[in-house]
Amino acid sequence: SDDNGGALALSQRAEELLRQWEDRISQLVMAELELDAARRSASGKGESENMYLTQALAAAKTAAAESASLKSSADEVQAELARLRREIGEMRAEIRGEIAPDRARSREAMEEELVKAKAEVLRRTRDVEAAQMSKDNLLLELDALNAEAKQLSTLHAREVDELRTRLTTLEALHDDLDKELAAAEEESAKRLSARKHTTGAKFAAEEQKLKTISEQIDAAREELSAARAKLLVEQRECEAAEEAMRDAREEAERQAAAADERERQLQQQLEEIGAARRAIDKEAAELSTTLEVEIENLKTQIAETMSAQHDEQSRAAEFEKQYIAESRRRKTLHNQLQELVGNLRVYCRVRPPSASELKKGEMAVEVLGSERLVVRDLDSDRLNERRFEFTQVYGPKSTQEEVFRDTEPLMTSVLDGFNVCIFAYGQSGTGKTFTMEGSESAPGLVPRAMARLFEVINEREANFKHECYISMLEIYNESVRDLLADPKADHSKKKFDVLRDPLVGMYVRDLTSEGIHTASHCKQLVKQGNRNRAVGATSLNDQSSRSHMIITLTVKTTDLHTGERYVGKLSMVDLAGSERLSKSQTSGAALKETQAINKSLSALGTVIASLANSEKHVPYRDSKLTYILQDSLGGNSKTLMFVNVGPASSNAAETLNSLAFAQRAKSVSLGKATKNKTAAAANANAQTSAPSRTQADAHTHTHAPPRPGSAATTMAAAGRLGEGGAMRASPGPKKKAAARR
């Protein structure tokens, strides 16, 4: 009975699902009919058709969702049937062998009903599948309808655009018609105005004629009135003239009587004056005699005074000549003493004040003669004053010619085989580059030295043979840059190592060296190098050097009579200016440059202090600058330092620092400089080693001289001594250590 009750409930449930399924099928049919109606009305336009299609699509989607729900319910029914089958099987197993024949018949009836139910479920499943296919077809048709709706919208938008275009055309046509109408109205107005103007002009002309006639009549009346008034005036003037003539006659008679009386008085005064004149002439004669005697006495006194003055002037001129000669002799002896002792020479040059500095007030630097200057810190409450003394002091009015005249003998000694170094030190903006290089109108030490050296070479060509080579480098952010090299070429493989040679001292490997034959060629190369140099603008200087530049002129000299050969090296160094970050106000890359500059200048100060104190260890290797200048600061070289300072009180602190540095440098003893001389050619043939060819192969010896005129390095000049002494470039410190190991 329980099985029959479950089967009955299941049958009822299946019938209910079948009714729901038929309802859904009816809804799907209605939706299909609505879609057909929408398809028939799809040819219409406007927003109402699109809304209808959208509603139909939404209804179809809802029906499809409900169909899916019915399918899910059918799946649940199938699952329930499967569960009942399992229970029936279990019940069969339990009652097998126990049920009566009538129960068997009942079971068979139930199985038949179950088969019918299965058939019904299978039919319903097929109907669900058919409905699913119908739903898919319906969705496809909906997509097609959507595409048609989009196409209709596109056509509608296109027709709207065409209507707008036509409307724009009509509006343009309307505007053209308005313009034509306005032009016609304007033309009509012009014609009317022209006619009015013509008529008005005629009327104005007639009025002008009438006005002219009236004016002529008025003028004639005025002339008649004026003539009458003039006649009346003339009559009155005639009467007044007659009256004046009577008065004048009476006045003349009175003046004649007065003149007679005055003539009598004057005659009396003349007689009195004649008597007084005779008395004065007598006194004048006596006074003239007395003055002549006094004048003679004064002439004698003046002659004696002039003679004494001439003697004093002669003595003063003689004293001045003696003072000048003594001063020159003392300076010569001082230079000779420095040559013998080898002290570093220090010249000081004071820059002229700028217009802005003159407006701010008094200057802090005062030059006292040719060797002394005083610095006053005007900003200090104590008004501190410090005095300095140097070999030579150049004031703000000094010229480039004066500076060169005192340094010329030192520069030209390079032709005799000496190493010479001249460098400029000082705050940024104090004129270091101007002193070293100058301008087109006022050339500095570098162009003047080159010109003078070639003048001396031409004067000595009968007795000496010279070969000159120039190189330029800059130390930028502690890196060596070759200023004469092609900036477009690849220099990545060049290391620019700093090495030492026993003959010419420190040099840089792989540095370009150009052979020069004239001063103009040298000047052209220096300009080329300057174009490649790093410069920038700071608050202290619009064109501030951002690197240390070293120009090296190497000269090989051969004595044509004795056969002696020697090599001289002239190094001219334009140091970058020391800067305080608070004043230079640099940032970014410029700040890094300032820090590198100050670091190298600090290393230079440390080296100078160590040399001045005669310390055993001098830290040349703390900076590329001091390492390259090692032989100039503490080796076989004649070294001259220019300390450039500014006169303004705003830079008094930096000026005192620069002068104190120069004061320490003045006490540095370099030792007596000697010539870089090699043996004579006759003795040179016995030498087994040949000179080095370039800096790049300083350890390779060859008897074949390099090609003349080829660009090599600074050591190329030293390497062209022919059969002269062997000039093996000493290896760097690392290679020496490796050799010892």
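Note that the structure is predicted; figures quoted are calculated from it, not measured.

**So, helix 7 (residues 445–459)**
Here helix 7 contains 15 residues, and its C-alpha end-to-end distance of 21 Å stays within 8% of the 21 Å for a straight helix at 1.5 Å per residue. Along helix 7, the residues classified as buried are Leu 445, Val 446, Arg 448, Ala 449, Met 450, Leu 453, Phe 454, Val 456 and Ile 457.

**Describing the packing of aromatic side chains**
This structure, assessed with the given rule, holds five aromatic pairs. Judged by centre distance (6.3 Å) and plane angle (5°), the ring pair of Phe 388 and Phe 390 falls under stacked. Here the aromatic residues Tyr 347, Tyr 394 and Phe 642 are joined through ring pairs into a cluster of three or more. When the ring centre of Tyr 566 is taken as reference, the NZ or CZ atom of Lys 675 above it lies at 5.4 Å.

**Description of the pairing of strand 1 (residues 345–350)**
Within strand 1, six of the six residues are buried, leaving the element largely enclosed by the surrounding structure. Burial of strand 1 is two-sided: the residues Arg 345, Tyr 347 and Arg 349 facing one way and the residues Val 346, Cys 348 and Val 350 facing the other way are all buried. Two strands pair when backbone bridges link them, and strand 1 and strand 16 (residues 638–645) are joined in this way by six bridges, in the parallel orientation. When the sheet's bridge partners are listed, Arg 345 is paired in strand 16 with Leu 640.

**A few points about helix 13 (residues 652–666)**
Look at helix 13: 21 Å from first C-alpha to last across 15 residues, which is about the 21 Å you get at 1.5 Å a residue. Taken together, the buried positions of helix 13 are Ala 652, Glu 654, Thr 655, Leu 656, Ser 658, Leu 659, Ala 660, Phe 661, Ala 662 and Ala 665.

**Some words on the pattern of salt bridges**
Taken as a whole, this structure holds 20 salt bridges when the rule is applied. In this structure, Glu 261 and Arg 264 form a salt bridge, with 2.3 Å as the shortest nitrogen-oxygen distance. Linking Glu 261 with Arg 264, this pair stays in helix 3 (residues 101–341), spanning three residues, or about one helical turn. Given a relative accessible area of 48%, Arg 264 falls into the partly exposed group. Across the pair Lys 556 and Glu 467 runs a salt bridge whose closest N-O atoms are separated by 3.5 Å. Of this pair, Lys 556 sits in strand 14 (residues 548–559) while Glu 467 sits in strand 7 (residues 464–476), and the two are 89 residues apart along the sequence.

**Quick notes on unusual backbone geometry**
Positive phi is not limited to glycine here, since Asn 477 has a value of about 50°. Tracing the sequence through the fold places Asn 477 in the loop between strand 7 and strand 8 (479–482). Classification of Asn 477 by relative accessible area gives partly exposed; the value is 24%. Positive phi, close to 55°, is recorded for Ser 614, a residue that is not glycine. One can find Ser 614 in the loop between helix 10 (589–612) and helix 11 (624–628). Take Ser 614: its relative accessible area is 62%, and that puts it in the exposed class.

**Overview of the environment of Gly 634**
By secondary structure assignment, the location of Gly 634 is in helix 12 (residues 630–634). On the accessibility criterion, Gly 634 (42% relative accessible area) is partly exposed. Distance in space between the C-alpha atoms of Gly 634 and Val 607 is 9.3 Å, their sequence separation being 27 residues.

**Notes on the side chain of Arg 448**
Tracing the backbone through its elements, the reader meets Arg 448 in helix 7. According to the relative accessible area criterion, Arg 448 is buried, its value standing at 17%. Contacts of Arg 448, omitting those with residues within four sequence positions, involve Gln 400, Glu 401, Phe 404 and Pro 443.

**So, the nonpolar core**
Most often, soluble globular proteins keep nonpolar side chains buried together rather than apart. Leu 373, Phe 390, Leu 633, Met 641 and Leu 659 are the most contacted members of the largest nonpolar core, which has 48 residues in total. Sorting elements by how many residues they give to this core places helix 10 first, with six residues. Excluding residues that lie within four positions of it along the chain, Leu 659 makes contacts with Cys 348, Leu 373, Val 375, Phe 388, Phe 390, Val 643 and Val 645. Core analysis: the second largest hydrophobic core is formed by 37 residues, Tyr 347, Val 420, Met 450 and Leu 570 among them.

**What to know about the sheet that holds strand 2 (residues 365–368)**
The strands making up a sheet associate through backbone hydrogen bonding, with each pair oriented either parallel or antiparallel. Read from one edge of the open sheet, three strands run 2-3-4, paired in antiparallel fashion. Each of the sheet's edge strands pairs with one partner strand only, and the pair in question is strand 2 and strand 4 (385–389). For this sheet, the mean inter-axis angle between neighbouring strands, taken without regard to orientation, is 20°. Sheet topology places strand 2 next to strand 3 (residues 372–376); four bridges connect them, and they run antiparallel. Within strand 3, the position partnered with Val 365 by the bridge is Val 375. This element, helix 13, spans strand 2, strand 3 and strand 4 of the sheet and lies at about 35° to strand 4.

About the criteria used
Residues numbered from 1 in each chain as written. Predicted model: local features only at pLDDT ≥ 70, side-chain atom pairs only at ≥ 80, totals over all residues. Heavy atoms only, no water. Helix = DSSP H or I, 4+ residues; strand = E, 2+ residues; numbered from the N terminus. Expected span 1.5 Å × (residues − 1). Buried < 20%, exposed > 50% of the residue type's maximum accessible area, 1.4 Å probe, protein only. Phe/Tyr/Trp six-rings, centres within 6.5 Å; stacked < 30°, edge-to-face > 60°. Lys NZ or Arg CZ within 6 Å of the ring centre and 35° of its normal. Pairing = 2+ DSSP bridges. Salt bridge = Lys/Arg side-chain N within 4 Å of Asp/Glu carboxyl O. Contact = heavy atoms within 4.5 Å. Core = buried A, V, L, I, M, F, W, Y, C linked by side-chain atoms within 4.5 Å. Axes fitted to C-alpha atoms, helices over the stretch in contact; angles between N-to-C directions.

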